[in-house]
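Spelled out from the first residue to the last, the chains are:
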Amino acid sequence: ATEPLPRLSAIDLAAEISPISAAALTDDPLFQLATAYRYNRHSVGIPARSELIARQAADARRDGRLRIGYVSSDLRAHAVGFGVSEVLERHDHRDFEVFAYYCGIRGEDATQQRIKRAVDHWTELNGLDDRQAARQIADDGIDILVDLNGYTKDARTRVFALRPAPINVNWFGFPGTMGSPYHHYLIADPFVIPERYEEFYSEKVLRLPCYQPNDRLRPIAAERPTREDAGLPPGAMVYCCLNSAQKLNRATFDRWLEILRAVPDSVLWLLVGEATGQRLRGYAVAQGVAAERLVLASGQPNPQHLARYPLADLLLDSMPYGAHTSASDAMWMGVPVLTRAGRSFASRVCGSLVNAAGLPELVTDSPDAYVRRAIELGHDRDRLRQLKERLLAGRDSCVLFDVPMLVRKLEDLYRGMQDDFAAGRLPRPDLRNLDTYHEIGLEDGLEVAETLTDEEYLSRYRRRLTDRDVVAPLPADGRLWRA
């Protein structure tokens, strides 16, 4: 929750949060869209027309292949780097020329070396200002520029704003909409963004069978630890959540404590620092759960991290910012994942992954159903064993890990984008009234959206848009306000 500070109310703080923080604090995709729009306008800025970077009209090196540029600070040992490695290796280089533009920390690791081998061209944007970076991309003749950062650390969003490529795509690196005037497409899937939720996004939504890429070739440490090695009780029911700590909130933690109280021989295994862990233990004790039932996992290199996953019986997802790569990692290692699907992008990714792995019964639709299912499974080890066996048996055939299919479908989406551009059908982001949507999202606090049904959620916005229109008429937009 957002707590007030001296001279700053909770609403003041919430009004200025970043888009990535909004994903962790509220299941309100309209507020998240408005936050992204405001962040883009104020922190990235809109360049003047004279600043835009134009491509050369003639390009003697054209050979009929589409030129795809991937821009990211995370093309290294990072969740994004792991995810896209095999995708880049499997691109059809007869039809696609692949460029990687790197803007992250300096220093090469094995993942980055692998990515460099996979692409046709590797370019460091470090040391180039935004205009120089955009000029490089334009001179490379990129047709489709893919933003693998969104609003995350070391992103070069202003490079996209300078329009060095005719088509800009938001995919994988950021769990939500960019709210910008220059991101044309967002790649998702039918679960992450059902058709009824498309109005929550500024980009045109395109879909893969499952939006998240995975790497089936990552090394896993040969030495598998025991529960004793990890400080876990040998015979306990081990729930885990190895998400990063910023995804945790009080509502989620209270549900986990309710589960622990109902399953007396259980523990919860968390990937948090010692200081955070001690605060959580203190809160747990105050809620009637012994401190030793919270076991802290240390940070480890990825091969060792993957190798320890099978020590857990069930991954409990967080809400509203759920497990993404950590969920697919768990299921790759045979650990079932229980999630509750909300309405925002970050709250629906885990449900998409669990469905794509073949375990739809582990996607719940309410907090009560989530807690109930976790307790049931905590008392039914045979059922958990069957779920683990299903995961491992289907690992090589399920949608979640079918990377060759994902690459084929992704390339089809790129071809369709190019067709849209050639036919003059490039999408135009609708950014009308988003300051007003932002104000409405703040009115009752950020947490209230999670408690509302879809009908209640939309009615709340429509009612308050009507109230504002009476005072100051609003133009029609492509979302909830038809004027």
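Before reading on, note that the structure itself is shown above.
Bear in mind that the values here come from a model prediction, so they are computed numbers and not experimental data. (Residues numbered from 1 in each chain as written. Predicted model: local features only at pLDDT ≥ 70, side-chain atom pairs only at ≥ 80, totals over all residues. Heavy atoms only, no water.)

### Notes on the overall build of the protein chain
Per the secondary structure count, the protein chain includes 17 helices and 13 strands. Whereas a compact globule of 483 residues would reach a radius of gyration of roughly 23 Å, the protein chain reaches 23 Å, a difference of no more than 12%. Referenced to the eigenvectors of the C-alpha coordinate spread, the extents of the protein chain come out at roughly 70 × 60 × 40 Å. Taking all 483 residues of the protein chain together, the buried fraction comes to 58%. Intrachain contacts of the protein chain at a sequence separation of at least 6 include 72% that bridge at least 24 residues. Carbon together with sulfur atoms contributes 50% to the accessible area of the protein chain, which is approximately 19800 Å² in total. (Helix = DSSP H or I, 4+ residues; strand = E, 2+ residues; numbered from the N terminus. Rg over C-alpha atoms; globule rule 2.2 N^0.38 Å. Buried < 20%, exposed > 50% of the residue type's maximum accessible area, 1.4 Å probe, protein only. Contact = heavy atoms within 4.5 Å. Areas by Shrake-Rupley, 256 points an atom, 1.4 Å probe, with all protein chains shown as cover.)

### Structural notes on the pattern of salt bridges
Close approach of charged atoms allows side chains with opposite charge to pair. By the definition in use, this model includes 39 salt bridges. As a salt-bridge pair, Glu51 and Arg158 come within 3.3 Å of each other at their nearest N and O atoms. Here Glu51 is found in the loop between helix H3 (29–44) and strand S1 (66–72), whereas its partner Arg158 is found in helix H7 (residues 157–161), with 107 residues between them in sequence. In this structure Glu51 comes out as partly exposed when scored by relative accessible area, which is 30%. Here Arg135 ties to Asp139 by a salt bridge, and the two come within 3.1 Å at their closest N and O atoms. Taken together, the residues span about one helical turn, with Arg135 and Asp139 both in helix H6 (residues 130–139) at a distance of four residues. Relative accessible area serves as the criterion here: at 28%, Arg135 is assigned to the partly exposed category. Of the residues examined, Asp139 reaches a relative accessible area of 41% and is grouped as partly exposed. (Salt bridge = Lys/Arg side-chain N within 4 Å of Asp/Glu carboxyl O.)

### A closer look at the side chain of His183
With respect to the helices and strands, His183 occurs in the loop between strand S5 (167–170) and strand S6 (185–188). For His183, a relative accessible area of 0% puts it in the buried group. A polar contact of 3.0 Å, which involves the side chain of His183, links it to the side chain of Asp147. Once residues lying within four places of it in the same chain are set aside, the contact partners of His183 are Asp147, Thr157, Phe160, Asn168, Val169, Asn170, Met178, Glu203 and Pro429. (Polar contact = N/O pair within 3.5 Å; in protein donor to acceptor, adjacent residues only side chain to side chain.)

### Considerations on empty space enclosed by the protein
Summed over the entire model, instances satisfying the criterion amount to four cavities of 30 Å³ or more. Estimated volume of the largest cavity: approximately 100 Å³. Lining the largest cavity are 13 residues, and of these Gln32, Leu33, Pro175, Gly176 and Thr177 sit closest to its centre. Broken down by secondary-structure element, the contributors of at least two residues to the lining of the largest cavity are helix H2 (19–25) and H3. In terms of residue count, H3 provides more of the lining of the largest cavity than any other element does, four residues in total. (1 Å grid on protein atoms, 1.4 Å probe; cavity = no way out; pocket = protein on both sides within 12 Å on 5 of 7 lines; lining within 4 Å. Points joined across faces, edges and corners; volume = space filled by probe spheres on them.)

### Side note on helix H8 (residues 250–262)
Structural remark: α-helix, 3.6 residues per turn; residues separated by three or four positions point the same way. The terminal C-alpha atoms of H8, which comprises 13 residues, lie 18 Å apart, in line with the 18 Å expected from a rise of 1.5 Å per residue. Residues of H8 that are buried: Thr252, Phe253, Arg255, Trp256, Leu257, Ile259 and Leu260. Close packing links the buried residues of H8 with strand S8 (237–241), strand S9 (266–270), helix H9 (274–286), strand S10 (294–296), strand S11 (314–316) and helix H13 (367–378). For H8, the capping residue at the N-terminal end is Asn249, with a side-chain oxygen 3.4 Å from the backbone nitrogen of Ala251. (Expected span 1.5 Å × (residues − 1).)

### Remarks on unusual backbone geometry
Of note, the bond from Met319 into Pro320 is cis; its omega dihedral lies within 30 degrees of zero at 5°. Of note, Pro320 is situated in the loop between S11 and helix H11 (325–332). Phi angles above zero are rare outside glycine, and Asp154 is one such case at about 65°. With respect to the element layout, Asp154 can be found in the loop between strand S4 (144–147) and H7. With a relative accessible area of 36%, Asp154 lands in the partly exposed category. A positive phi angle is found at Phe172, which is not glycine, with a value near 75°. Owing to a relative accessible area of 9%, Phe172 belongs among the buried residues under this scheme.

### Some thoughts on the packing of aromatic side chains
Aromatic ring pairs are defined here through the distance separating the ring centres and the angle between the ring planes. For the coordinates displayed, the defined rule picks out 16 aromatic pairs. An angle of 10° between the planes, with centres 6.3 Å apart, marks the rings of Phe99 and Tyr101 as stacked. A relative accessible area of 2% means that Phe99 is categorised as buried. Overall, the relative accessible area of 0% leaves Tyr101 in the buried class. (Phe/Tyr/Trp six-rings, centres within 6.5 Å; stacked < 30°, edge-to-face > 60°.)

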